[in-house]
Amino acid sequence: MAETEQQNRQTKMLKGPIGPTLIGLGLPMALGILAIMLFNIVDTIYVGRLGSSYLAAMSFTFPVTFAIMSLAMGLSIGISSTIARALGQGNQSHVKRLTTDGLTLAVVVVLIFSLVGLMLLDPIFKSIGASEETLPLIRSYMVTWFLGVGLLVIPMLTNGAIRATGDTKTPAIIMLIAGMVNIIVDPFLIFGIGPLPRLELHGAALATVISWLVTFAASLWVLVRREKMLAFPLFSLEHTFQSWQQILYIGIPATITKILRPVAMGIITLMITQTQLGEIAVAGYGVSGRLESLAMVGIFGLSSALTPFIGQNFGAGHYGRLRSAVRFCFKLSLGWGGGTLALFFITAPYIASVFNQNPQVIQVTVFYLHILPLSYGASGILECVASTFNAVNKPLHAASLIFIQLIALSLPLAWLGTKFYGWKGIFMGITLANFLIGGIAYILLYQFLRQLDKTTKVDSTSSIKAT
């Protein structure tokens, strides 16, 4: 039964209608991403009720937890890309080997980071400004977090393997269930409802680990029992290190690009604090950023779905479907960007007033939501191109594009914008950077597709001559 389902999914990926297939893959991904965003907001609300010191302590944990989660996301992209190409080639034994070796890599990564994190916990958080008074609160959260992080990293790689087969619904459902468990358990452990003791930040971490345990059990069951994607022995001296190399070749650049985004956002925030509105403008930027993440969730879901689709078709040599899929992604991104622009142009003042009543905060939020959506279509093109390059084993191309967007374009243009238009100039500079990187990404992908056509023609000519 499982093999029949896998074959049906693969047939759909390699022969099914491109648009409906991509939407069918992308919609569950978008809903899963949206659910995680909303659950994180609820989690923050619970901790915020404990007091500002607890919220500050949890804020200090963000850079460390985000770095490790970025690594897990990067490795997940790596395993999804390599497995998708192997599936497209019809190499089932290699699929099982990559899946198994990906999980052993996750175990090694977890052991290293957990041990280092626990041993250097105080020095790490002191280095980012945590005070002696805040450190005990941070410890109460992070010790539990480090001890349980394997229950997060391993399922993230497992879900990457499942997505590579063309099944995005199962990982989305697993994320949704885990988030709901976290929301339900959180108040009981944080506030000590009923017979349970009041554990505060330790309770928040424990609730998170419990939700990860659900994810771990569900994803592992799907991978082992339903998909039967594990190979034995679990460690092969002949193949494991080679698999790790393939996964890390994509995973490390993908991790770096994930980490670059909050770094760039931090620098942008610093720029905004130095403008005439200062922290008021930062407040508006913070509200706008959250709304933007929600508005872009459709594009994020589509670009995530593109990796397994492109990977399988590239592995199978179906380059025409690859090209058509990218064109569809471009059109949908431009349409989504246009729709978002129209929505925000009309509703921005009303949405902004829901989050804050300060007229200046509303002014900043409205300006952001009127200008940045102009470039959402171009941002979508970048996301599609980056996913495509990761899928065809060109991760450095993808990483270079993100680096150019954030470091070479957004930061200099935002800084230049402040010199002429203050805080408004920062948002104008970011918008211009998005337009430019969208164009650069399009040109780079077009060159790759032309080269692919030439290679295909050469191979075809060689085959005819040999015959």
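Residues numbered from 1 in each chain as written. Predicted model: local features only at pLDDT ≥ 70, side-chain atom pairs only at ≥ 80, totals over all residues. Heavy atoms only, no water.

### Concerning the overall build of the protein chain
This is how the line gets drawn: A run of H or I in DSSP becomes a helix once it reaches four residues, and a run of E becomes a strand once it reaches two; helices and strands are each numbered from the N terminus. Restricting the calculation to C-alpha atoms gives the radius of gyration, and the globule rule supplies 2.2 Å times the number of residues raised to the power 0.38. Buried, partly exposed and exposed residues are distinguished by accessible area as a fraction of the type maximum, computed with a 1.4 Å probe on protein chains only: under 20%, between the cut-offs, and over 50%, respectively. Every residue pair with non-hydrogen atoms within 4.5 Å of one another is taken to be in contact. Computed with a 1.4 Å probe, the accessible areas rest on the Shrake-Rupley method; for each residue, only the protein chains presented here act as cover. Note on charges: Lys and Arg go in the positive column, Asp and Glu in the negative column, and His and the chain ends are not counted at all. Every charge is mapped to an atom, namely NZ of Lys, CZ of Arg, CG of Asp or CD of Glu.
Per the secondary structure count, the protein chain includes 16 helices and zero strands. Against the globule reference of 23 Å for 467 residues, the protein chain gives a C-alpha radius of gyration of 23 Å, in line with a compact fold. With the C-alpha coordinates of the protein chain rotated into their principal frame, the extents come out at 75 × 55 × 35 Å. Here the protein chain holds 467 residues, and 52% of them are scored as buried. Taking the intrachain contacts of the protein chain between residues at least 6 apart in sequence as the baseline, contacts between residues at least 24 apart amount to 80%. Per element, the accessible surface of the protein chain, about 21,000 Å² overall, is 69% carbon and sulfur. The centroid of the 29 positive side-chain charges in the protein chain is displaced by 12 Å from the centroid of its 17 negative side-chain charges.

### Re the nonpolar core
The nonpolar side chains of a soluble globular protein tend to be buried with one another. Under the convention used in this document: Remark: nonpolar core denotes a set of buried residues (Ala, Val, Leu, Ile, Met, Phe, Trp, Tyr, Cys) joined through side-chain atoms within 4.5 Å.
In this structure, Ile83, Phe125, Tyr141, Met142, Trp145 and Leu201 are the most contacted members of the largest nonpolar core, which totals 54 residues. When contributions to this core are tallied by element, the ones reaching two or more residues are α2 (18–48), α3 (52–88), α4 (92–119), α5 (121–127), α6 (135–148), α7 (150–164), α9 (200–226) and α10 (240–273). If one sorts the elements of this core by residue count, α3 sits on top with 13 residues. Formed by 38 residues, the second largest nonpolar core is a distinct cluster that contains Leu322, Val385, Leu406 and Ala433.

### Things to note about the pattern of salt bridges
Let me state the cut-off plainly: Just to be clear on terms, a salt bridge is a Lys or Arg side-chain nitrogen sitting within 4 Å of an Asp or Glu carboxyl oxygen.
One pass over the structure, following the stated rule, counts nine salt bridges. Among the salt bridges present, the one from arginine 97 reaches aspartate 101, with a minimum N-O distance of 2.9 Å. With arginine 97 and aspartate 101 both in helix α4, this residue pair falls four residues apart, about one helical turn. Overall, the relative accessible area of 8% leaves arginine 97 in the buried class. As a salt-bridge pair, glutamate 200 and arginine 198 come within 3.0 Å of each other at their nearest N and O atoms. For arginine 198, a relative accessible area of 48% translates into the label partly exposed. Ionic contacts of the salt-bridge type, sharing partners, join the residues Arg9, Asp167, Arg226 and Glu227 into one network.

### Structural notes on the environment of isoleucine 362
Mapped onto the elements of the fold, isoleucine 362 is located in helix α14 (residues 359–371). Classification of isoleucine 362 by relative accessible area gives buried; the value is 18%. If we ignore the near neighbours within four places in the chain, the residues touching isoleucine 362 are Pro349, Ala352, Ser353, Asn356 and Gln357.

### Some remarks on the state of the cysteines
Each disulfide consists of a covalent bond between the sulfur atoms of two cysteine residues. What counts is decided by this rule: Defined by distance alone, a disulfide is two cysteine sulfur atoms within 2.5 Å.
Overall, the coordinates contain one disulfide when judged by the stated rule. A sulfur-sulfur separation of 1.9 Å characterises the disulfide bridge that pairs cysteine 329 with cysteine 384. Negative torsions about the S-S bond denote left-handed disulfides, and the value of about -65 degrees found for cysteine 329 with cysteine 384 makes this one left-handed. Pair noted here: cysteine 329 is in helix α13 (residues 319–355) and cysteine 384 is in helix α15 (residues 376–391), with a separation of 55 residues, a long-range link. Accessibility assignment for this pair places cysteine 329 and cysteine 384 in one class, buried.

### A closer look at the confidence of the model for the protein chain
Selection criterion: Per residue, pLDDT captures the predictor's confidence, and it can take any value from 0 to 100.
Summary statistics for the protein chain give a mean pLDDT of 88 and a share of 97% for residues scoring 70 or more. Confidence, read as mean pLDDT per element, is least for helix α1 (residues 2–15) in the protein chain (78) and greatest for α15 (96). In the model, residues 459–467 has pLDDT below 50 throughout and makes zero contacts with residues more than four positions away in sequence or in other chains.

### Brief notes about the packing of α3 against α10
Describing two packed helices takes the angle between their axes plus the distance from one axis to the other. Selection rule: Every axis corresponds to a line fitted to the C-alpha atoms, with the helix fit spanning only the stretch in contact, and the corresponding angles, defined between N-to-C directions, vary from 0 to 180 degrees. Angular relationships are summarised with four words: roughly parallel below 35 degrees, roughly antiparallel beyond 145, roughly perpendicular across 65 to 115, and oblique for the angles in between. Crossing handedness follows the turn of the near helix against the far one: under a right angle anticlockwise gives a left-handed crossing, and clockwise gives a right-handed one. Residues are grouped as follows: Ala, Val, Leu, Ile, Met, Phe, Trp, Tyr, Cys and Pro are nonpolar; Asp, Glu, Lys and Arg are charged; all remaining types, including Gly, are polar.
For the pair α3 and α10, interaxial distance at closest approach is 7 Å and the crossing angle is 140 degrees. By the angle between their directions, the pair α3 and α10 is classed as oblique. In this structure, α3 meets α10 at a crossing whose hand is right-handed. Looking at the contact of α3 with α10, its residues break down into 13 nonpolar, eight polar and two charged.

### Focus: unusual backbone geometry
Across the junction of phenylalanine 232 and proline 233, the peptide omega takes the value 5 degrees, indicating a cis bond. Among the structural elements, proline 233 can be located in the loop between α9 and α10.

### Digging into helix α11 (residues 279–295)
For the record, the criterion: An expected span of 1.5 Å times one less than the residue number is assigned to each helix.
Helix length check: α11 (17 residues) gives 24 Å between terminal C-alpha atoms against 24 Å at 1.5 Å per residue, within 8%. Of all the positions in α11, only Ala281, Gly284, Tyr285, Val287, Ser288, Gly289, Leu291, Glu292 and Ala295 are classed as buried.

### Things to note about the packing of α7 against helix α8 (residues 169–191)
Between α7 and α8, the shortest axis-to-axis distance is 8 Å and the interhelical angle comes to 150 degrees. As far as their axial angle goes, α8 and α7 are roughly antiparallel. Between α7 and α8, the contacting residues are Asn159, Ile162 and Arg163 on the first element and Thr170, Pro171 and Ile174 on the second. A per-class count over the contact of α7 with α8 returns three nonpolar, two polar and one charged.

### Regarding the packing of aromatic side chains
Quick note on the threshold: Pairing of aromatic rings covers Phe, Tyr and Trp, the last through its six-membered ring, and needs centres within 6.5 Å; plane angles under 30 degrees mean stacked, over 60 mean edge-to-face, and all others mean tilted.
With the rule as written, the count across this model stands at 13 aromatic pairs. For the pair tyrosine 285 and phenylalanine 427, a centre-to-centre distance of 6.1 Å together with 20 degrees between the ring planes defines the contact as stacked. Taken together, the residues tyrosine 285 in helix α11 and phenylalanine 427 in helix α16 (residues 395–466) connect sequence positions 142 residues apart. On the accessibility criterion, phenylalanine 427 (1% relative accessible area) is buried.

### Concerning the side chain of threonine 275
This is how it is decided: Nitrogen and oxygen atoms within 3.5 Å of one another constitute a polar contact, given that in protein one can donate a hydrogen and the other can accept it, and given that sequence-neighbouring residues count only through two side-chain atoms.
Relative to the helices and strands, threonine 275 is located in the loop between α10 and α11. From its side chain, threonine 275 meets the backbone oxygen of isoleucine 272 in a polar contact 2.6 Å long. Ignoring sequence-local partners within four residues, the contact set of threonine 275 consists of Ala281, Thr418, Gly422, Trp423 and Ile426.

### Here's the deal with α3
What counts, and what does not: Throughout, bend refers to the angle between the axes fitted to the seven residues that end at a position and the seven residues that start at it.
Along its 37 residues, α3 runs 52 Å from first to last C-alpha, staying within 8% of the 54 Å computed at 1.5 Å per residue. The largest bend in α3 is about 35 degrees, located at phenylalanine 62, with the proline proline 63 one to four residues further on. Glycine 90 sits one or two residues past α3 and shows a positive phi near 75 degrees.

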